[in-house]
Structures are given as structure tokens and as C-alpha cells.
Amino acid sequence: MGTTLRTLRILCFAMLVINCARAEDGAESTNGVPEQSAPSASGPSGPSGLGFTGPSGVEECDPDMIGFELVTGFVYSAPSDLLDSLPGTLMLTDCLEACQGNDSCQSVNYETGLCVLFSSNADSYPGALTRSQFPVFTIYAQKSCLGVKPCERAWCFDRVQAYQLSGFSRKQHIAASRQDCLELCLGEREFPCRSANYNNATKECNLSDMDRLTVAGSGAFRAEPDTEYLENNCVEEPVKLCEFKKLSGRILKTVDSVYQDVGSADECRELCLNSPFRCHSYDFGDTGEMVCRLSHHSRATLADIQDPYLEVPEAATYELSSCYNVSIDCRSGDMVARIKTSKLFNGKIYAKGSPNSCVQDVRGSLEFELKMAYDDVECNVRQQGLGRYLNDVVIQHHDTIVTSSDLGLAVTCQYDLTNKSVSNEVDLGVRGDVRPALSEEVVVDSPNVAMKITDRYGGDMLPSAEVGDPLALRFEILDRNSPYEIFVRELVAMDGVDSSEIILIDSDGCPTDHFIMGPLYKSADSGKVLLSHFDAFKFPSSEVVQFRALVTPCMPTCEPVQCDQEDSSGELRSVQSFGRRRRRRSTSIHTAGANAREDMLLVQSIQITDKFGFDRAAARKANTSTTSGDNSAIFISDATTGGFCVNVAGIIVAGTVFLAVQLAVIAAWTFVWQRRRKVMKHHQDAMSVSVSVPGLNVARTDSLCKLYDTGYARRF
């Protein structure tokens, strides 16, 4: 790790020295373009290219109307118009502020550690804007005087040349220039305009309420000649309840901000969420101790950049997956949970106790809600005290199962005469306790094949797990000397309560959703063992997940099937899986023996607990007082522990006392009984007549009653 850090520091220092030399040397551009290709200050040397709009007139512009647009992966080459070079600049915002404070500045080039100011821009000299992606990508920013007042953020728009966002157009206009198009987007009031496509040939300006982040992974962002994609950085998006996903082994070559002396990764994360731009990724401690780097880019916004990441095995980049803003509207007859998210949501929101009757299906939306009437039996809204209502709500991303990405909300409304809507700043991190449960292993004969649910390394069978735990499904021929191998198909996860099920491995032997379960592969220890990795999940209506699979033996070996799987960059790649479609039966003598074997049905169960902890929350709420008008949404984390407390020492002492009392009772009864027997015998010998002794019977009965009435037995 130390060697890697030293290498990164040397690389950064070398880049800084190279960039300084580039800025001072007017003979070449930052990507090695010869001097004759750069324009002179007197005017353009050729026809205008993409997006030519003429001079921007920023010299006489009202400072409140100035905005910047960014072009990533391009560098502006105009040596004669170079105003200043600012080496050691670690913040893109500082570079833009330097340009905004200089009336002559119209554009800048920025790389981490260097800011270069120019008195002209690429709209005046389109041929001067060229690609620059090696060894690091450059960010070009252009200052414009806008007709619509921009937001307070560092820049207004990101521009991507020869790309467009397809399929999400909401409005279409004819605009004379690219700047007119982005002003139309800034001024749109009917819907939040997140992006626009501007066609330089037809002058069409298409406005959209989606951008590259909200539709990430859909393939809608694609190359398109003569078109420029404009992404609005002024749009408001949720910044609460955010989930970051780890991208291991890679860090960005160029970032927007570098902070030093940051105490922890959590502090770095908060810097990202509260940055003056839409921050979408960060890394911490990979380029130096206590160094935090932020960027508005992620894999979803770098599709047009070649090799934007530096490969560092020990490093990691944390990319923003999605954020949720939650508000609870407490009305006179019902409560409404309203959700706003930063990425198109496909799934459902439902009351935890009624996943099938009180549910709202969501398909491709950034905003959704769930209404729960106070008197609706289906939604199971509970009343706690006078006018206080509460319920548990789950936001589930998959149609069928609960995964570690899902969120749990405990929503509460206090009845009042007026309606109230309260936004909640609560952490909905998914954590919790694991509750043990029993499981059953089913083994079939001929050959003996077992299916087990184990840890990620295929170790001992696990009876229970928690949503999100790394697990493996292990298929094993128990007899290591068996001549057979196996392949698996039609692997299904089932819920025994309402017969819900989801197919994990299809009839071809390929995973249906690699995010839920990966392909089957042979264990490194034995060819008779197949493993498939997955993260624990559950069904909404039950904690028991049952796996069912068809396993077919083959001899001498099983051939894998080729499956397409999406990798971390979103591209499809071919992988092998030892799930396999059963071959057609053959009438030949050679293959009849192997193919005539019947499929074996294997079944295995495991108890999966979620991480919401609603029951623990209810118990804790019952012991605390509430304030009138408190309308809240609370996520239950693992800060509290479930179950009940047992005083072992107290039980031992109480048990000892109980036994002692019982022995005393037995001794007293024995003494009285023997004494009565002697008295009866004496009377019989003396009088030869049976004489009852009522006094003794009464005394015995009274004594026992007094002993039992003391309550020793009832204390336990």
C-alpha cells in the first residue's frame, strides 16, 4: 500500500510539473497540438464548428447572470489568448471563481492541480477545442452571459458533444443557438428540466425531465452526430438517505475538489453531499493520508471518456447510487408517505404487515407515495394513545424479494385539526440483528447430492442469515469417488406463505438477474462441488426462503453453458455457468445410459431476517412519552438489541429457595402423617375402636394452606 501511495504522489507531482510547463509554453496545447493549429487572437481561421454562437459578451454582463458550462475530456488551445496560469489549484470551484472575477476571462482549462485562464472561448474558435484524455482528462469550462438567472452553484450545465439522451423528451422547441436551448431548460416551469438535446443542424431543442444519472443503466445515453447533450446542474435532487456503492481498484484521474486533513471517510462523504455542485463520487485516503477527493462524475457520466480511472488495487471509489427524501403528510383521515428519489425507481412501497393488500407498485418514477387511512384494515395502521397513529413502511426495489438495498420506515402521525407535512432527516441505513432459526437439509440418493446454504466460501451450512449477508448456494456430490458430475437448472426461490417465487437460474442454466445471484462455477477444491454467490434476501410476507433446484448428473464431465452478464461498467460479457439445459434424450446406445437419468429435485430452506427492526422500535416507543404534533418517519437501526433480559443469578437463588420450601413442606407433611398414624394405632390398641382425629386433619390442611398461601410456588 505504501508503494502505491508513493507512486500516486509521484504521478500527481509529475502531472503538475507537466501541466505548468504546458501552460507556460505557447508552442503547444495541453495535449500536444502544434502551434499552427491554434487560432490567433485576431479571429477564427476557418468556418465555425459545433455550437458556434459568436462572442458571449461577458465583459458587460451583470455578475448575477454569469454562468459556466463544462465540457469534460476536452482542452482549449489558444496560446495567444492565455491570461493566467494558476498551478497548485486543487478546486475546480476556485478556478471558476478566478475566471468570474476577471472581466477578460471567457474560459478555463482545469486539471487537478492546474487552472489556465483564457480571454477567448471555443464558441469563437471551435477548432481550438480538441480531445484531451491522456494521461489525465481535462475539463474545459466556458463563461456565458445568460438571459435567465442561473442558480448559485459553481456551474450551470455539463455539455457532451455528439451525444444525446434518447426517449425522454418532454418538450420540443426551435432555438437559434445552444445557449438559447440551455436558457429554455433553465426557464422551464411546467416540469423540472434536467437535460436538453440540441441539434446544431435542425436547431431542435428537446427538453427532458431525466438526465444521465436518473436513467443510469438504461442505455438511453448514446452517441449522436451533430447533437449536443446539455445537463442541468441547477436542478434540485434529494441529498438525504443516500447510498454509495464501492467501486474497488479504481480512482478518477481528474477530480473537482481535493480536501486535505479530513478526519474520516464519513466526513469525506458529508463533504460530497454538501458540495457546491452535484457530487456523485468520492475517494478517501488513496492519494495520501487524510486526503478526500470529490467529483461530479461517476461511471454513468463518463461513458464518452476513454480510461477515466487509474487502476490501483488497494484503492476504491464510492459512487452515489441513489438518494431519498421522505416526507409524511398527516391528514385528518389518513397518512401519506411521499418519496422523492434521485434515480428512476422500479419496485413497490407497502405497509410491512400487509405487503399484498396495502401496496403501491412503482414503474420508472422519481416521485411516489403510499396512502394509509387510519380506519383501513388492509393497511394495518395502529393507534397508540389518543389520536396517535403509526405504521411500518418498506421501500422495496425488487418486485418479489427484499434485498439489502431496501429501506424501512417507521412513520408516525399525531392527529391535529390542521394538516401538517414534515420532512425527516433520518438515516435509513439497513442494519440489524440476526435471529437464529432451524433449517432442514434434504439429500437425494443415486448419486447422493446435497444442496446447502453456506457462507461465501462454501463452508458450514447456515441455519439463518440477515438480508444482505454474503452467502453461497453449494451443490455437492457427497461421494467423492462417484463417477458423476452435476449441472443445475431451474433454481427457484420460494415463499411458503403466499406461494411467491422468483427464478434465479433459468432452464438454460443462466442467472436471470446477476445482481441477485451469480453463475454456478466449480469449486477449486473439487469438480463435484458447484457454488453460486448471492446476497441474502427474503420475501415480504415470510422470513423463510426455500430454494428448489433440478439437478441432473452427467458422466464423465458436465459442459458449462455460456451466459451474458453485465459487468461493473455496464457492458455485457460472456461467462460460464454450470447450470445447463437438459440434453434431448438420445436413442443411441452410447449416450442412453448417461442421458436417461432422471432429474433430482433438491430443496433447502433458510431463515432470513430483515434489518428494519420495527418490533424493537415499537417496544421502545411504548416506554417513551410523545409530544403532540410529532409527525415523523424513523428508520430503526441496530443500535438497540432485541429479545428480553434474564438475570441468571436471580433465577438460581429463586430456584434454590423454591426447592427448600418444597422440602420443608414434604418434611412437615411426613411428620404429621407419622404422628397421626402412631396416635391411631395407640387408640386402636387401647380401645379397639376407630377414632378419628379431626383436629390433626384440620391442622395439617391449615398448615399446607398457609405454606401455599405464602406464594412461593406462584413466584415462578
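Above this text is the structure in question.
In what follows, the accompanying structure is described. Note that the structure is predicted; figures quoted are calculated from it, not measured.

**As for the pairing of strand β29 (residues 485–494)**
Then, number 1: When you tally the buried positions in β29, you get nine out of ten residues, the bulk of the element.
Then, number 2: Examined bridge by bridge, β29 and strand β33 (residues 544–554) share eight bridges and lie antiparallel to one another. Note on β33: the bridge partner recorded for Val 492 is Arg 548.
Then, number 3: With four bridges joining them, β29 and strand β30 (residues 501–505) adopt antiparallel strand pairing. When the sheet's bridge partners are listed, Ala 493 is paired in β30 with Ile 502.

**Thoughts on unusual backbone geometry**
Both trends apply: most residues other than glycine have a negative phi, and most peptide bonds are in trans.
Then, number 1: With phi around 65°, Lys 203 is a residue other than glycine that occupies positive phi space.
Then, number 2: Mapped onto the fold, Lys 203 is located in the loop between β10 (195–199) and β11 (204–208).
Then, number 3: For Lys 203, a relative accessible area of 33% translates into the label partly exposed.
Then, number 4: Positive phi, close to 50°, is recorded for Asp 307, a residue that is not glycine.
Then, number 5: With respect to the secondary-structure elements, Asp 307 resides in the loop between β16 (292–295) and β17 (309–322).
Then, number 6: Judged by relative accessible area, Asp 307 falls into the partly exposed class, the value being 43%.

**Observations regarding the state of the cysteines**
Then, number 1: The full count for this structure, using the stated rule, is twelve disulfides.
Then, number 2: What pairs with Cys 95 in a disulfide is Cys 115, and their sulfur atoms sit 1.9 Å apart. Between Cys 95 and Cys 115, the S-S dihedral sits near 75°, and the bridge is therefore right-handed. In this pair, Cys 95 is assigned in helix α2 (residues 92–100) and Cys 115 in strand β5 (residues 114–118), connecting sequence segments 20 residues apart. For the pair Cys 95 and Cys 115, one class covers both residues: buried.
Then, number 3: Across a sulfur-sulfur distance of 2.1 Å, Cys 99 and Cys 105 are joined as a disulfide pair. Because the torsion about its S-S bond is -100°, the bridge between Cys 99 and Cys 105 counts as left-handed. Take Cys 99 and Cys 105: they sit in the same class, and that class is buried.
Then, number 4: The structure places no disulfide on Cys 156, whose sulfur is separated from the nearest cysteine sulfur, that of Cys 234, by 4.4 Å.

**Quick notes on the nonpolar core**
Then, number 1: Formed by 38 residues in total, the largest nonpolar core has its most connected members in Leu 473, Phe 475, Leu 491, Leu 504, Phe 537 and Phe 547.
Then, number 2: Listed by contribution, the elements that provide at least two residues to this core are β26 (449–455), β28 (470–477), β29, β30, β32 (529–535), β33 and β36 (600–609).
Then, number 3: Among residues more than four places away in sequence, those in contact with Phe 537 are Ile 401, Val 402, Thr 403, Ala 493, Leu 504, Ile 516, Val 545, Phe 547 and Ile 608.
Then, number 4: By size, the runner-up hydrophobic cluster in this structure holds 30 residues, among which are Cys 61, Leu 70, Leu 92 and Cys 115.

**Considerations on the side chain of Asp 211**
Then, number 1: As for its placement among the helices and strands, Asp 211 is situated in the loop between β11 and β12 (221–232).
Then, number 2: Note on Asp 211: relative accessible area 0%, which makes it buried.
Then, number 3: Within polar-contact distance, the side chain of Asp 211 engages the side chain of Arg 278 at 3.1 Å.

**Things to note about the sheet that holds β36**
Then, number 1: Pairing within the open sheet is mixed, and its five strands lie in the order β27-β36-β33-β29-β30. Each edge of the sheet is formed by a strand with only one pairing partner; in this case those strands are β27 (464–466) and β30. When strand polarity is set aside, the average angle formed by the axes of neighbouring strands in this sheet is 30°.
Then, number 2: Taken together, the three bridges between β27 and β36 define a ladder with parallel strand orientation. Its bridge partner lying in β36, Glu 466 is registered against Thr 609.

**As for the packing of aromatic side chains**
Then, number 1: Counting across every chain of the model gives twelve aromatic pairs.
Then, number 2: Here the aromatic rings of Tyr 76 and Phe 118 are separated by 5.3 Å at their centres, their planes lie at 85°, and the arrangement is edge-to-face. Of this pair, Tyr 76 sits in strand β2 (residues 74–76) while Phe 118 sits in strand β5, and the two are 42 residues apart along the sequence. When sorted by exposure, Tyr 76 lands in the same class as Phe 118, which is buried.
Then, number 3: Feature note: the residues Tyr 76, Phe 118 and Tyr 140 constitute an aromatic cluster, connected by ring pairs.
Then, number 4: A cation over a ring is seen here: Arg 212 above Phe 221, with NZ or CZ 5.5 Å from the ring centre.
Then, number 5: Taking NZ or CZ as reference, Arg 250 lies 5.3 Å from the ring centre of Tyr 309, over its face.

**Regarding α2**
Then, number 1: For α2, the set of buried residues is Leu 92, Thr 93, Cys 95, Leu 96 and Cys 99. Around the axis of α2, the buried residues are gathered within 160° of arc, so they sit on the same side.
Then, number 2: Against the buried residues of α2 lie β1 (66–72), β4 (107–111), β5 and β7 (139–145).

**Comments concerning helix α3 (residues 178–187)**
Then, number 1: Counting buried positions along α3 gives seven out of ten residues, so the element sits mostly inside the fold.
Then, number 2: Within α3, the full set of buried residues consists of Arg 178, Gln 179, Cys 181, Leu 182, Glu 183, Cys 185 and Leu 186.
Then, number 3: Packed against the buried residues of α3 are β1, β7, β8 (157–165), β10, β11 and β12.

Scoring rules and cut-offs
Residues numbered from 1 in each chain as written. Predicted model: local features only at pLDDT ≥ 70, side-chain atom pairs only at ≥ 80, totals over all residues. Heavy atoms only, no water. Buried < 20%, exposed > 50% of the residue type's maximum accessible area, 1.4 Å probe, protein only. Helix = DSSP H or I, 4+ residues; strand = E, 2+ residues; numbered from the N terminus. Pairing = 2+ DSSP bridges. Disulfide = S-S within 2.5 Å. Core = buried A, V, L, I, M, F, W, Y, C linked by side-chain atoms within 4.5 Å. Contact = heavy atoms within 4.5 Å. Polar contact = N/O pair within 3.5 Å; in protein donor to acceptor, adjacent residues only side chain to side chain. Axes fitted to C-alpha atoms, helices over the stretch in contact; angles between N-to-C directions. Phe/Tyr/Trp six-rings, centres within 6.5 Å; stacked < 30°, edge-to-face > 60°. Lys NZ or Arg CZ within 6 Å of the ring centre and 35° of its normal. Arc of directions from axis to C-beta.

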